[in-house]
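Observations on the three-dimensional arrangement
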Amino acid sequence: MQELGDFPDDDLKVEQVDKECRTIRHSVPEDGVELDPHVRDCVKSYTQPWLVVSRRCQGDGWSAYSERAGLHKLLQKQTFESDVQSEKEQTPVKSPTLAGLSDDSGRTLTSSDFNLRCLTPEQRVEGLLAFSSHDELDRLNQEARHGNRHPELFALYPPADEEDAVEIRPIPDCPKEHSGDRILIRCQAIKFEIDIEPLFATMALYDLKEKKKISENFYCDLNSEQFRNLLKPHSPHVDPSTLARSAIFSVTYPAPDIYLVIKIEKVLQQGEISDCADPYTTLRECDSSKNKDKLEKLRSQAEAFCQRLGRYRMPFAWATVNIMEVISTAAIERDVADADIPKPAKSCSIDRRAQLPRRNSERYNTIDDQFCNIASFKPATITISTIFKQEGDRLSDEDLLKFLADIKKTSAPQRRIKTIPGSIKLDISPLHDFPHACLSTELIPIKPVAEKNIRHAKEVLEFPAYEVYVPHNIYRNLLYVYPQRLNFVNRLTSARNIAIKMQFMSGEDPSCSLPVIFGKSSGPEFVQEIYTPVTYHNKSPDFYEEVKLALPARLTERHHLLFTFYHVSCQQKQNQSGNCENLIGYSWLPMLNNDRLQTGQFCLPIVLDRLPFNYSLHAPEKLPPQVPPVKWMESHKGLFNLEVQAVSSVHTQDNHLERFFTLCHALEGGAMFPLRVREEKIPENKLDHELKLSIISLSSSSLEPLVLFLHLVLDKLFTLIMQPMVIAGQTANFAQIAFESVVSIVNSLHNSVELSRDQQGRNSLLSTYLYWVFRLPDPPQDLQNAGSGSIPAAESRYSTMGRATAASVGSMLFESRSRSSSNPDIPNPHTSAEDAEVKNILSAKGHNNPGSRMSTYVDLTNHQNPIGNTRPSNRKQFHEELALQMVVSTGVCRENAYKYAWFFFELLVKSMAQHVSQLDKNNVPRRSRFSDRFKDDITTIVSVVTAEIGTILVKQHKEVEQAEKVNISLAFFLYDLLSLMDRGFVFQLVKNYCNQMSAKSLSMPTLISMRLEFLRILCSHEHYLNLSLFFSSPASAPASPCPSISSQSSGSCSFQEQQRILGLFELSQEFKQQHYLTGLLLTELSAALDMESEGGKVQRKAINSIYSLLCSHDLDHRCMKPEVRAKVAALYLPLVGIIIDSTNYLDFTVSDARSGKNKTGGPEDDLENVPPINQSVAMAIAGNPFNTLGRNVLVSMASLHGKTVATLAADTSRHLLVCFLWVMKNADRNLIQRWTVDMPPSQLNKLLELLTICVSCFEYMGKQSSYKVSTQALQKSQQAKLQLEEALLRGMGARGEMMKRVGGMDRTMGQRENLRWRKDLTQWRQTNDKQDKTKAELDQEALISGNLATETNLIILDLLETIVQAVPLAECKDSVVGGVLKVLLHSLTCSQSSTFLSHTFSTFRALVVKFGDLLFEEEAEQCADLCQKVLQYCSSPVDENRSQACATLYLIMRYSYSNASNFSRVKMQVTMSLASLVGKSSDFQDEYLRRSLRTILAYAEEDTDMQNTQLPSQVDELLRNLNSILSDTVKMREFQEDPEMLMDLMYRIAKGYQTSPDLRLTWLQNMAEKHNNRKCYTESAMCLVHAAALVAEYLSMLEDHKYLPVGSVTFQNISPNVLEESAVSDDILSPDEDGVCSGRYFTESGLVGLLEQAAELFSNGGLYEAVNEVYKIIIPILEAHRDFRKLTSTHDKLQRAFDNIIQKGHKRMFGTYFRVGFYGAKFGDLDEREFIYKEPGITHLPEISHRLENFYSQCFGEDTLVMIKDSTPVNRKELNPNKAYIQITFVEPYFDDYEMKDRLTNFEKNFNLRRFMYTTPFTKSGRPRGELNEQYKRKTILTTMHAFPYVKTRINVIQKEEFDLTPIEVAIEDMQKKTRELAVATHREQPDAKMLQMLLQGSVGATVNQGPLEVAQVFLNEIPADPKLFRHHNKLRLCFKEFIMRCGEAVEKNKHLIAADQKEYQQELKKNYNRLKESLRPMLERKIPELYKPIIRPRLENRESFKRLSFRRAPEENS
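This one's a predicted model, so the numbers in the text were calculated from it and none came from an experiment.

A closer look at the overall build of the protein chain
Scanning the protein chain from terminus to terminus reveals 69 helices and 38 strands. Taken across its 2015 residues, the protein chain has 56% of its residues classed as buried. In the protein chain, once contacts between residues fewer than 6 apart in sequence are set aside, the share between residues at least 24 apart is 79%. If you sum the accessible surface of the protein chain, you get close to 86900 Å²; carbon and sulfur atoms cover 52% of it.

This is the structure we're talking about:
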């Protein structure tokens, strides 16, 4: 345990880290100059090493997370059946051979088509029975289980969502020089048509939108050696760096309009630019012969000009390209081309963006979307072929930007500029790592340096388009001068070709010209002078020159820029000598103005002839009058415009800063008074006042300069806090004012929208400063100051105190408040300091006494003790001063200091750490490191901050987030103090915090959430375990001052040991005192779990805290040893108790989703989707604690409890459970065993339930699944999504950024949050992973999640074994074994790895060996499940799983053999299991199962002990039975695609089991399942009704209860088919024989269950009337059981059924029926058989025809199958014997007249159907259709074997009748139908106008062919000759009479239905109706006299009977 004992000595590390320098050396000022103090400070700040304070072990646990990357290489691959199956190719369905069915119909159970013995048995499990005792068996199993386990559970578990990870304090990035996205542009070639002279190129970037040049110039030339030599005389020396052709541009703010502009110049020559460009446009190099002479002439001219005017240039041409377009097209191509290539660059560009301003303008937002790929585009080569000629009068940058704007609009400049033919070729590529041989903008080589001499690339300095907020980090001091224009228009002289020479002078002598100007291409690096290009004959030229200078570090008033203006004569006049320059005048610009660098726009006058004396001391505008007077051009008017810009990390260019620095340096001494600051002079006595003012005004300086010089400003302010200054003999104290200034700077940086913050709301600039830069200010020097001696140090200390005491009254008040809860009177024994510390920690945990506060006396002795104290007591310490300032601050300053307390806390901590590192560790005990006064201040500060948090929470609800941030920073403060101060003292602070935070009148969730985050941070301390594990078992704890502890842990245990063990798993008072922090955290967790908070936010927080804490232990290398782990786990035992109690909060969705899968569905199965319920209620209901009731019962009880329970989200549940498993894995085994033995049964039951949930929770989801292990992608996208939401919700762009972490999203979402949160857990996961992961990543994740599933399940298995092995000690042995078995069986339903399965099967075998009888007798149902699972694995494709399952199955048989009834039961269970497996799963592997059966047979034959018994032969018989069942499946497999065939086959199999009710039931259920899958609910219900009838038969044999159905007779009302189920006869089998009817369904509840399911299915199928019939059977049983709850729900369902009947009325759709006939020998036993097929409601003939055609053409081939299209009888003789024929006809149900009396409703006409009819039209001539008078009709009536609906969807036809109708009878039938339709349409309750009009149109429409009129004309025109037809004629006449009446009614009805626009239509109808009526009248009024002649006057009743006879048919058909 020692490694966790005390803190290591070298815990604290204060180290200097050298700055990483990009260049080979730091950029520093030139040597040998005495620097002024400010520059000296800057340089020091930029070059001194960082000072980093770290702790040795900090973050140990977390660092292990990052090491997970290589984890998958160490893991074994786990084999999962689900993966194996998905990898196998789907074998194509082999077409069934139908012939095979015929011989099969009479098969009995035993005939076996397949001999098992011909297989070879597989590998047997070694040493199956080789153990001497049960203990040895357990030991062997345990050793096997513990071998090869993964030690760290959490390494396999996906890291928690970072969202709650408050304890991760991001280490700020090391400050670096800012750079944007870098682009490397290399100039390949500049080619024109002719090549006659040297050319020079200048490149720069411009941002068109901002109208700004955004980079400095890059100069290069591609001239040949020959041309270079022409210029040799002018630049003899060429530095290699000037030959660069590649430039590295940097773009911080990518925008769509960034143009690269290339300007080309040539040597000055005579003539306008146009003249010089002429040859380039007219000549071609290739027309050589013609132009040779011209070109030669041009070349020689060029040579002459080069020699004479080689130093001057002239503008020539320019070209441009939109660089962003190039990049975005390259990036798009890249995305398409190689989407899979990982793009490391992407991330770096995004990270860096964090330093940029977070702008709200839309500009910033648009950029991000479009151009974030600037860092990763494909390298491209651009050729620019449009080169524009320069216009001499439009050279300035404004003109250039106008041109660019035109080009953007129209892709060519307006006012056609001439172009010059030629091309420029550039390579452009993104740059991530610098290539060799780069130079920085100061020309310092950048690492890596080139070894050999290769061409350099130059870094081009960026001038960012907007501010960049990155503090200066290197010394840079550059000046850029831009001459803009000259105006010599009014000058009369010949000044036309004007050149300006520029120099940087350090004095007035010409020799003072400094070589600080950067040279251009192919010349020296630095030059002394530079000339601007010349525009020919232009008196007011524009310039575009940029002159870059390196400013000297020390500027004096003598430094100035000198400009000399010349007229350059291009032609050499005869009389002139060599000089071509004619001087025009001079101008100059002093560098300093009031000691400050001058920058900006200037307009300078020009001096003629000569420079005045001492000119450089004055600005040219303000030059004092001189003698002789100075000659000015145009009387001193400003003629020369220029701009000067500085890029400097020394010159602040900000008044406030400038002033502050100047005054500070004056203080440090060496300044002359009065001091000059800009225009004013400050005397020494005013310095104090002025400095204070400048400090105050600091924070009002503009943001950019303040940020740029932030490090320097803060350093200076901290020095001021420390240094009492003596100014003019007065001691000035700046501490307070400097502190206030720091606070206001901190405030303004936090409030700036432009600056980024991290997730804890810390401003990134400040956190960077604290971590890397801040160091203790140098101790006050012996205050030397102008003219004053030093004052005694003591006085200096006193001066602060003096000021403080006035204010400290306030602090006293605070302290009194913060300590009111403590009891300061308990004296402390003064023993050795370390000892006292330990005691202190204890007492601080135990009571409220401020244990750490030693009396003043002790403190003083320590201080005054000269040996023990290593520091002079009179020196002021920075941390003390800072704490004091925090305590005494007031007003706004105080408010902000506490608002941004994090900054001051981290400042305190870093200064304390430096202080501690300077102490002599050995002599200064930990508690005397800091003075008491300082400790009091800290106590006050903590108390005030805590109070502040409370206040915010109570008063300002909007600021909750602010409170959270402060809370987190306070936690980190105490976390840091634990490593620096006395721990007892810190614990006291924690305690005060907790007291204060619980006293608030606040909403619980907020409070708990605050305390949780606070504790979570404290517990993440690297020595948290040392702090918590001082005493880990109560027995060993020393007697402490707290009475409760001492009494309990006194030697004799008054309590029983049992109570003690159980107590360890509870969160007791004792525990909280011994493990202070852990106690607090667990208390919060349990409070959070009991709390109802919206959306489970607090619960999530609490669980994640524990989770991350355990995670860090698990991955901590100090906790590697098992014994250490056991100790750590012991610390979390109460967590187990908490988790067990919270079982009912866990998300069950996981566990329930699977449970229904493999059961056959009974009353327990509709419990899915029921929310979990409070466990205590459950226990109250269940008399026997182990009887876990169906959860629906519990739910109904939960309402009594009154409290609704919020479930936790699935992933949160997972986190909690993984913590539980971790503790279980690492805790001491014996302890756990004792615990489970002592546990009350109800508790044990909860534990088992918890384990069941764990199994489901960590189930392996497979590679195919969408839930992936690592959710990094998910997190990234979630964060992106959150940021987006923030932006939308808050409408404040980037401000939302900082909300990203600390629950920011929850705040804004309020109540809706939960839904959204759960939603993205689900949907997101499904989409995210597939898209952005490679196959390798997916495999790797599957590997890790496979190992996680295996490890978690093995932990559960270990625990179950521990429980079972303790069984002999427990009282309720059987229920424990049953409970364990349940969990184990559940684990088999989930997808498991072979590793786990082999161990589980070993456990099962051990259970069978140890508790065989108990299992077979008491747990019969579980045993059945076990058989089914084992059989399932016997057919597994994985060999190892199979061999384990075989061994287990054999052992089950062997151990059940000892008891006959057990054995027969097991046989029955195995047979049934196989039957149900076979029937249900379509992908059942029979060949594997056969091999397994053979292996079991081998076991039986090789088992020597059993050879003399009947076992081998019994096993043999059982296996033969199983084998025959398998043969059925093979057949079933063949018909997988033909559902009707499949059902016939299953039906036949079920019929084969008539004598074995259990198996018949199983097969009926299999059929039900199959139907259900095909959505044939009615048939599925029928199967269950048959099954129920079967059960009823057997129940009625057993017992005679009135309320039970009397066998299957009772079920006749549901369907007459059920009578099949009546038991064949009693002699076949008696129900009480062993093993028969022992299944769970042969009980009353089983019967009810089957019927309820049937009712549900009928309801799904829309047969609501049948639902009623089913419930008629159930209700008496429920009444007899007095089960009123069930009765309620039953009647509820009945009500719903009846409601449905009423509402749906006519709209209900029932089946559609077709007759299908099969003809042809190919069909085997189907040949010449006819079936009626039942199809879903609206099925058209083509649909079923298509289905059958598809299927059978697959079987026989397309050409063999023929579909017969008509319904005429098929003549066998005409058919081709080699083909197969199918005939399909639509049929309708047919009822005799008498039946119609009973079948009134739609339902009744569609239920219990056995007779069907179809009609076939024919004529005597043989054609199917003819004229009306020759059209006959044949009706065919078919009778089926069973009534529909049945257990199958097709039934054999067993009888066929036919009769024919004559043409007139056909006409009568048609007219009756028409009349009926009209009547129905007219008299509907809600008439349908469209329907009515359609019918009318067909009846009275004028043009209806074969319409009513024609029928009447054919049959009624004349009285038939044949008296036999009189009757029919008359009947038709009467039909017409009724028809015309109905038409009239319909026309009338239509009148009321139509809208106004149909008036005409109605009149038309009326007209047609009248016409029809008139046409029919003569025929209708003509009666056949013979029929109406009374032969004898009939008696009345005869007449009646006569009427009845003649009209019997008509009215019925009308009805």
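Overview of the packing of helix H41 (residues 1229–1238) against helix H46 (residues 1335–1365)
Where H41 meets H46, the axes come as close as 9 Å, and the angle between the chain directions of the two elements is 55 degrees. Our classification of the angle between H41 and H46 gives oblique. Where H41 crosses over H46, the handedness of that crossing is right-handed. Contacts between H41 and H46 involve Arg-1229, Ile-1232, Gln-1233 and Thr-1236 from the former and Asp-1358, Leu-1359, Thr-1362, Ile-1363 and Gln-1365 from the latter. Here the residues of the contact of H41 with H46 sort into 3 nonpolar, 4 polar and 2 charged.

Digging into the nonpolar core
Core analysis: the biggest nonpolar cluster contains 358 residues, and Phe-904, Phe-1220, Trp-1235 and Tyr-1752 have the highest contact counts within it. Setting aside chain neighbours within four positions, we find Trp-1235 in contact with Ile-1061, Leu-1062, Phe-1065, Val-1136, Ile-1140, Met-1224 and Leu-1247. By size, the runner-up hydrophobic cluster in this structure holds 52 residues, among which are Tyr-253, Ala-255, Met-324 and Ile-384.

Notes on the sheet that holds strand E21 (residues 560–568)
Across a sheet, paired strands are connected by hydrogen bonds in the backbone, their directions being either parallel or antiparallel. Ordered by their spatial adjacency, 5 strands build an open sheet running E19-E16-E21-E22-E26, and the pairing between neighbours is antiparallel. Edge positions in the sheet fall to strand E19 (529–531) and strand E26 (607–608), since each of these pairs with one other strand and no more.

A word on unusual backbone geometry
A cis amide bond links Lys-447 to the next residue, Pro-448, at an omega of -5 degrees. Residue position: Pro-448 is located in the loop between strand E13 (445–446) and strand E14 (457–459). For the bond from Phe-1844 to Pro-1845, the omega torsion is -10 degrees, close enough to zero to count as cis. One can find Pro-1845 in the loop between strand E37 (1832–1844) and strand E38 (1850–1861). For Asp-609, which is not glycine, the phi torsion reads 65 degrees and is therefore positive. Topologically, Asp-609 is positioned in the loop between E26 and strand E27 (640–648).

Concerning H46
Between its first and last C-alpha atoms H46 spans 44 Å; for 31 residues at 1.5 Å apiece the expected length is 45 Å, and the two agree. Summarising burial for H46: 25 of the 31 residues are buried, a large majority.

Considerations on the pattern of salt bridges
Counting across every chain of the model gives 74 salt bridges. Between Glu-906 and Arg-169 there is a salt bridge whose closest N-O contact spans 4.0 Å. Here Glu-906 is found in helix H24 (residues 901–918), whereas its partner Arg-169 is found in the loop between helix H5 (134–146) and strand E3 (181–192), with 737 residues between them in sequence. On the basis of relative accessibility, which here comes to 17%, the residue Glu-906 falls in the buried class. Notably, a salt bridge pairs Glu-1795 with Arg-1799, separated by 3.7 Å at the nearest N-O pair. Via salt bridges that share partners, Arg-22, Glu-177, Arg-182, Glu-442, Glu-459 and Arg-476 belong to a single interconnected network.

A few points about the pairing of strand E33 (residues 1730–1735)
A regular strand places its side chains on the two faces of the sheet in alternate fashion. Judged by how many residues are buried, E33 sits mostly within the fold: 6 of 6 residues are covered. Burial along E33 is two-sided: the residues Glu-1730, Ile-1732 and Lys-1734 and Phe-1731, Tyr-1733 and Glu-1735 are all buried. Examined bridge by bridge, strand E32 (residues 1712–1719) and E33 share 6 bridges and lie antiparallel to one another. When the sheet's bridge partners are listed, Arg-1715 is paired in E33 with Ile-1732. Strand direction decides the pairing type here: E33 and E38, joined by 3 bridges, are antiparallel. By the bridge assignment, Tyr-1733 is partnered in E38 with Arg-1850.

Quick notes on the packing of aromatic side chains
Considering all chains together, one arrives at 59 aromatic pairs under this definition. Relative to Phe-1258, the ring of Tyr-157 lies with its centre 6.3 Å away and its plane at 65 degrees, an arrangement referred to as edge-to-face. Linking Tyr-157 in the loop between H5 and E3 with Phe-1258 in the loop between helix H42 (1241–1257) and helix H43 (1272–1290), this pair joins segments that are 1101 residues apart in sequence. A single burial state applies to Tyr-157 and to Phe-1258, both of which are buried. For the ring pair Phe-718 and Phe-878, a centre distance of 5.6 Å and an interplane angle of 75 degrees mean the geometry is edge-to-face. A residue pair is termed long-range when its members are at least 10 positions apart, and Phe-718 in helix H16 (residues 710–722) and Phe-878 in helix H22 (residues 878–888) qualify at 160 residues.

A look at the side chain of Thr-1078
Residue position: Thr-1078 is located in helix H33 (residues 1076–1090). Residues contacting Thr-1078, with those up to four places away along its chain left out, are Tyr-1024, Ser-1028, Phe-1071, Leu-1131 and Tyr-1132.

Describing the confidence of the model for the protein chain
Across the protein chain, pLDDT averages 77, with 77% of residues at or above 70. Contacts of residues 335–372 to residues separated by more than four positions or lying in other chains number 66 contacts, the stretch itself having pLDDT below 50. Confidence over residues 1265–1277 falls short of pLDDT 50; this stretch has 35 contacts with residues more than four positions distant or in other chains.

Re the side chain of His-665
Take His-665: it is sitting in helix H13 (residues 655–667). His-665 sits in the buried class, given a relative accessible area of 7%. Dropping the residues within four chain positions of it, His-665 is found in contact with Pro-37, His-38, Asp-41 and Lys-716.

Calculation rules
- Residues numbered from 1 in each chain as written.
- Predicted model: local features only at pLDDT ≥ 70, side-chain atom pairs only at ≥ 80, totals over all residues.
- Heavy atoms only, no water.
- Helix = DSSP H or I, 4+ residues; strand = E, 2+ residues; numbered from the N terminus.
- Buried < 20%, exposed > 50% of the residue type's maximum accessible area, 1.4 Å probe, protein only.
- Contact = heavy atoms within 4.5 Å.
- Areas by Shrake-Rupley, 256 points an atom, 1.4 Å probe, with all protein chains shown as cover.
- Axes fitted to C-alpha atoms, helices over the stretch in contact; angles between N-to-C directions.
- Parallel < 35°, antiparallel > 145°, perpendicular 65-115°, else oblique.
- Left-handed = near helix turned anticlockwise from the far one by under 90°.
- Nonpolar A, V, L, I, M, F, W, Y, C, P; charged D, E, K, R; others polar.
- Core = buried A, V, L, I, M, F, W, Y, C linked by side-chain atoms within 4.5 Å.
- Pairing = 2+ DSSP bridges.
- Expected span 1.5 Å × (residues − 1).
- Salt bridge = Lys/Arg side-chain N within 4 Å of Asp/Glu carboxyl O.
- Phe/Tyr/Trp six-rings, centres within 6.5 Å; stacked < 30°, edge-to-face > 60°.
- pLDDT = per-residue confidence, 0-100.

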